[in-house]
Structure formats: C-alpha cells, structure tokens
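Residue-level listing of the chains:
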Amino acid sequence: MKVLVAVKRVVDYNVKIRVKADQTGVDLNNVKMSMNPFDEIGVEEALRMKEAGSVEEIVAVSIGVQQCQETIRTALAMGADRGILVKTEQELEPLHVAKIMAALIAEEQPDVVILGKQAIDDDCNQTGQMLAALMDWPQGTFASKIELADGKANVTREVDGGLQTLTLDLPMVVTTDLRLNEPRYASLPNIMKAKKKPIDEKTPEELGVDTAPRLTTLKVEDPPARQAGVKVEDVADLVDKLRNEAGVI
Amino acid sequence: MSVLVVAEHDNSELKPATLSVVTAAQAFGEDVDILIAGSGCAGVADQAAKVAGVAKVMLADAPQYANMLAEPMAALLVPLAGSYSAVLAVANTVGKNFMPRVAAKLDVSQISEISDIESADTFVRPIYAGNAMATVQSSDAVKIITVRTTAFAKAEPEGGSAAVEAVEAAADPGLSSFVGEELSKSERPELTAARVIISGGRGMQSGDNFVLIEKVADKLNAAVGASRAAVDAGFVPNDYQVGQTGKVVAPELYIAVGISGAIQHLAGMKDSKVIVAINKDEEAPIFQVADYGLVADLFKAVPELDEELAKLPPA
Ligand SMILES: Cc1cc2nc3c(=O)[nH]c(=O)nc-3n(C[C@H](O)[C@H](O)[C@H](O)COP(=O)(O)OP(=O)(O)OC[C@H]3O[C@@H](n4cnc5c(N)ncnc54)[C@H](O)[C@@H]3O)c2cc1C
Ligand SMILES: Nc1ncnc2c1ncn2[C@@H]1O[C@H](COP(=O)(O)O)[C@@H](O)[C@H]1O
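Residues numbered from 1 in each chain as written. Chains lettered and ligands numbered in written order. Predicted model: local features only at pLDDT ≥ 70, side-chain atom pairs only at ≥ 80, totals over all residues. Heavy atoms only, no water.

Caption draft 1: Region of the structure containing the interface of chain B and chain A. Taken residue by residue, the interface counts 87 residues in chain B and 77 residues in chain A. Of the roughly 6,900 Å² buried where chain B meets chain A, counting both sides, 53% is carbon and sulfur surface. Interface area lost by chain B to chain A is led by Thr93(B), Tyr128(B) and Tyr292(B), which between them contribute 11%. Where chain B meets chain A, there are six salt bridges. The shortest N-O distance in the salt bridge between Asp291(B) and Arg226(A) comes to 2.8 Å. (Contact = heavy atoms within 4.5 Å. Buried area = accessible area lost by both parts, 1.4 Å probe. Salt bridge = Lys/Arg side-chain N within 4 Å of Asp/Glu carboxyl O.)

Caption draft 2: Helix H5 (residues 210-220) of chain B, seen in detail. Residue and element names in this part refer to chain B. Along H5, the residues that are buried comprise Phe-210, Ile-213, Val-216, Ala-217 and Leu-220. Seen along its axis, H5 keeps its buried residues to an arc of 120°; they face one direction. Here the buried face of H5 lies against strand E12 (196-200), strand E13 (223-226), helix H6 (228-232), strand E14 (253-257) and helix H8 (298-311). Positive phi appears at Asn-221, one or two residues downstream of H5, with a value of about 50°. (Buried < 20%, exposed > 50% of the residue type's maximum accessible area, 1.4 Å probe, protein only. Helix = DSSP H or I, 4+ residues; strand = E, 2+ residues; numbered from the N terminus. Arc of directions from axis to C-beta.)

Caption draft 3: Representation of the site of ligand 2 within the structure. Residues and elements named next belong to chain A. Near ligand 2 lie 19 residues; those nearest to it are Asp-39, Ile-63, Ala-119, Asn-125 and Thr-127. Taking Ala-119, its main chain carries an N or O atom lying 2.8 Å from an oxygen atom of ligand 2. When the free accessible area of ligand 2 is taken as 480 Å², the share hidden by the protein chains comes to 97%. Looking at the shell around ligand 2, the elements with two or more residues in it are strand E4 (57-64), helix H3 (94-108) and strand E6 (112-116). If you tally residues by element for the shell around ligand 2, the top one is E4, at three residues. Classifying every residue of the shell around ligand 2 by side-chain character gives nine nonpolar, seven polar and three charged. (Near = heavy atom within 4 Å. Polar contact = N/O pair within 3.5 Å; in protein donor to acceptor, adjacent residues only side chain to side chain. Areas by Shrake-Rupley, 256 points an atom, 1.4 Å probe, with all protein chains shown as cover. Nonpolar A, V, L, I, M, F, W, Y, C, P; charged D, E, K, R; others polar.)

Caption draft 4: Structural view of helix H2 (residues 68-78) of chain A. Every buried residue belonging to H2(A) is among Cys68(A), Thr71(A), Ile72(A), Ala75(A), Leu76(A), Ala77(A) and Met78(A), and all of these are buried. In the stretch just after H2(A), Gly79(A) is the one whose phi turns positive, near 140°.

Now the structure itself:
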C-alpha cells in the first residue's frame, strides 16, 4: 500500500503572532515556521503503518512557497520516502488544496491519504473532508486510532461526546487528532539521509487546478482584549468577590 | 431565497447550540428553514417547529442519518443546498465533519466557525487560535458556514409554529459504517451548554485528584473541563478538552485550576464572562486573562473553595 501525507508549513505553535498595522494580515517576517503539529502526527502514523508492514511507500506533500521544501525535508528525515512540492506564491483556500491533492492522487494512486484535522494558522478544519468529497472516498476525521485490515480500516474518532468508531472502505482519507500518536524526532543520521531523498516539484497549473480565490480577506484585526483582573487574597476573598462583585455564584 | 440551518440533535432532543445557529441565520434577513436529519427523530422536528422565527422544518428520517455521518449527510444536503443562499451548522465535531464535504461537492469554499456576520456575504472568523480576527467576503453562490455558537445568542425555543415537511432520504453512499461509540456519561451539564465550568490542568497530577474539582462542580452545577495536558496524561477523557482544538466555551464563570494558560487553551475559553485562575505560579499566563487570580497551591485552595461554597447561603 501507498500513503500520501499532507504536511503544511505554518507559524510555529509557540510563536505569539502579531497582526500587521495595516490590517492586511499577520506578520510572518522573521517568524519561526514549522510543520503543522497535526501533520507531524500524520507522518508518524504513516511511519507506524510502514513499520507494521502494511505500507510500502510514504509520499509527503506540501503546497505553497519554495520554503515548504524544508517542511517536506522534515517529513523525509522522520522517515517518509519521497516528497512532492506543489509550488505557488498564492495563498490558497482549503478547497484549492483539496483539488491539488486530488490531482496528485490521480497520479499517485495511494490507498490511504492522511491530513491533519486542522492547520493551526487558518484553523479551517476543512481540507481532508473536502478531499474525501472530491474523490468520493470515505472520511475518518479527528482520528485517535487507525487499524487497517482486509481492504478496510477501523477508525476511532474524537467526537464531542467521547469516542466513535467507524469502518471505512479503502481508499480513504483520514485526518489526525492529538491523541493518535506521539511523533518521533528525526535522528541526525536520518536528517543526513533525507537530503538525498527525492522531492518532485509541480505547480497547480501543471496539475490543471484552478486556484482563483473564492474568499477575499477584507481585514485582519486583533481580537478584543480582556480587561486586566485582580489578584485575590485567599479563597474567602474569591468567594466573596464572585458572589457580591461579579454576581456569578 | 431562504437560509437553511442543519440541526444538532441526538434523535430525541434538539440541542441548544442549534438555537444559536438560528440567530446567526436570521442575520441574513431571509426565511430560516431547519433540517432535521436523523433516525426516529420526528420528536426533534416538533421541537424545531416551535423555535421562534423558523419558517419551515424539513425532516429527513432514515437509518443512514442516525449518527449524522459525513457521507450520507453530504448526499442529502448537496441537492437541497442549491435552493438556499446559505447553509449553516454548528461548528462542533458533527458539523465540522460533514459541512466541508457538502462545500466541496458544491465547489464552494466553506467559511469555518464564524463569530459575526457583517452582511450576507461578509463574515468574521477567528484565526491563529483566536489571536487574530479575519473579516472575509465570499463570492460563492451558496455560503457554506459553520457557526461558533458561543458568539450568538440563542433563539427562543418556544413561540414558533412552523410546518414540518418530510424530505426524501438520499441514497446511502455506503462508504462508511458505524461500529460503536464510547460516550462519557455524566450527570453534570454539558461543557458547551454549562453556565459554570471548572477545568483542571497538568497541575492536578492525577485523574483521581479530579475528585476535588468534581466536588466544587457539584456545588455550582458546573461542567468539568480540562487542558490538553490533562487529557494527554489520561486524567480525563478527550471530550473534556477546552481549547483551539477542543471545545470552545463561553460560560458565565470559568475556573481554571492548575492550568498555565497556553494560547491554545485560552483560544477555547477567553470569551467567558468571568474567569478565575488558581495557580501556584504567579507568573502563569492564565493570570493575564483572569478577572480573579488566586496564587495558591490547588491542593489547599480547591478543598477550601469547596468548604466556603458549602457555607454560602443560597443566592
Ligand atoms: C496543535 C496543538 C493544539 C493544542 N490544543 C490545545 C487545546 O485545545 N487545549 C489545551 O488546553 N491545550 C492545547 N494544546 C497544548 C498547549 O500548548 C499546552 O501544552 C497545554 O494547554 C498545557 O496544559 P496545562 O496548562 O494543563 O499544563 P502546564 O502548561 O504544564 O501547566 C500546569 C500549571 O499548573 C500549575 N500547577 C502545578 N501544580 C500546582 C499546584 N499544586 N497548585 C496550583 N497550580 C499548580 C503550574 O504552575 C502550571 O502553570 C495544544 C498544543 C498544540 C501543539
Ligand atoms: N498548503 C498545504 N500544504 C500541505 N497540506 C495542507 C495545506 N493546507 C492544508 N493542508 C492539510 O490539510 C490539513 C487541514 O488544514 P485546514 O483545512 O486548512 O485546517 C492540514 O493539517 C494539512 O494536512
């Protein structure tokens, strides 16, 4: 079997982002970029499938500017076999990303495609579901466990009430949740080895995908700030303030 | 044209989150219809018909909608969506699962988790864990939207008298099947509907210690939540997680115990009306959003809080 895993380059989750003064977006100059944390989990899951013997090849895909190559290298250093960079300077919407992924699926014919449940920059939580729709494949979103057997998969999903298990036909799209696994770090020898692994470059045009925007961002602002609060002396003081000042208990 | 709300329910009860989506839908200034898709859910349709401001209730009652799985839901919604200017659903794990599938089938860019509506094509939504708010305009013919329900007041559950119309089920694509679920059982209110929430973090040290929090929760009729660290450590189930990638809550009172206040946690609770933080580290970032901060060891402070609440005369 072959697995395609999507790896998005995003602002590192530890960075406190700043909104640009002209309200056109978020300041990305000199900001640390990393692989989307959910995609690290996706790569890890693919590696575990390969180590378990059910998968032969793992292809890591990233879509965006040239530097997304670094994100692919990280996936290769973790153990993915090869990469595909779909290069564009345009800011894409999840629908476009899903269409590009669908075009790659047509070329690569994977059995399982793994995406993160959500990119921590746009917080859209859409791409995997859209890709499954475009392919007419089943979707196992927010997965905390994936078991492959006999051309099917049992996927346990983190849902609002607890956990839900589905059986999906292959090929399928899954999106990762936090509890699926704990991603490994790349070892130094593997980082060196990754430098020799191949990365293909393509463009959305070559794949025949129309990326005309559907959404226009009119402005990006700071969220409303909270008033600074007070420190209370002790528990009695806290209870008194909650009852008599805030009136919430 | 009208606007369609896809209801959140458990086949017997209409969930209050739906009422917030109805309010959001009313901002379009058009008729608001509600779709109930489920199995054996006629009672839910009757409840939806009473919601103030609803024009029509559509009932799709068939076995394949029992768990609102994405594949059959999309098959049902795609042909319906064409006659609406917008389709809205709750931004929870159900709506987030099927709505993008509907959007892609319609060749539409979904607008996720809106927190405000400026006009029929312009919406505000949080990005970067709520550290920025984006105003986006959509050029798509049908707007496919999920709604952050904490940002919209609830429509009145009574007062309406909409007609209920049956919708024929769509063929089941049969790509997925439901095996089972493990739902956390609790006598306490649901996290996303509770007036008071008390959450524990890594500082709780064990699942057993959550008893301390539960005692306080029982006195305040509160829901119990948690940080990701507490869930990852196995102290509590996954559905307790509040945050960027868990549940977004905005209760009247949120009490954070032994939680440092990482941006990913704040993303899920900083719109609460009153925030209390109990943490032994006075530098913890949670204090920057707390209305009332108590620098203390939780193993002393939380039992004390329980005692003080027990002494309190009824409000
Ligand atoms: C992709 C991604 C998504 C994430 N999504 C979420 C999310 O949705 N929700 C979420 O919560 N996190 C999320 N996180 C994790 C987040 O970054 C933090 O790691 C997490 O919130 C920390 O949890 P915590 O505050 O309980 O633990 P810590 O940061 O370890 O804080 C524990 C706190 O307890 C205090 N403490 C310890 N002992 C005591 C005591 N005896 N008395 C009083 N105080 C005490 C300490 O002073 C400390 O402040 C996400 C991270 C990533 C990368
Ligand atoms: N530009 C991209 N390149 C690679 N993968 C992406 C890209 N955008 C989105 N994805 C994948 O889709 C997931 C969900 O993203 P989103 O729908 O934007 O929240 C991410 O975790 C990635 O796996």
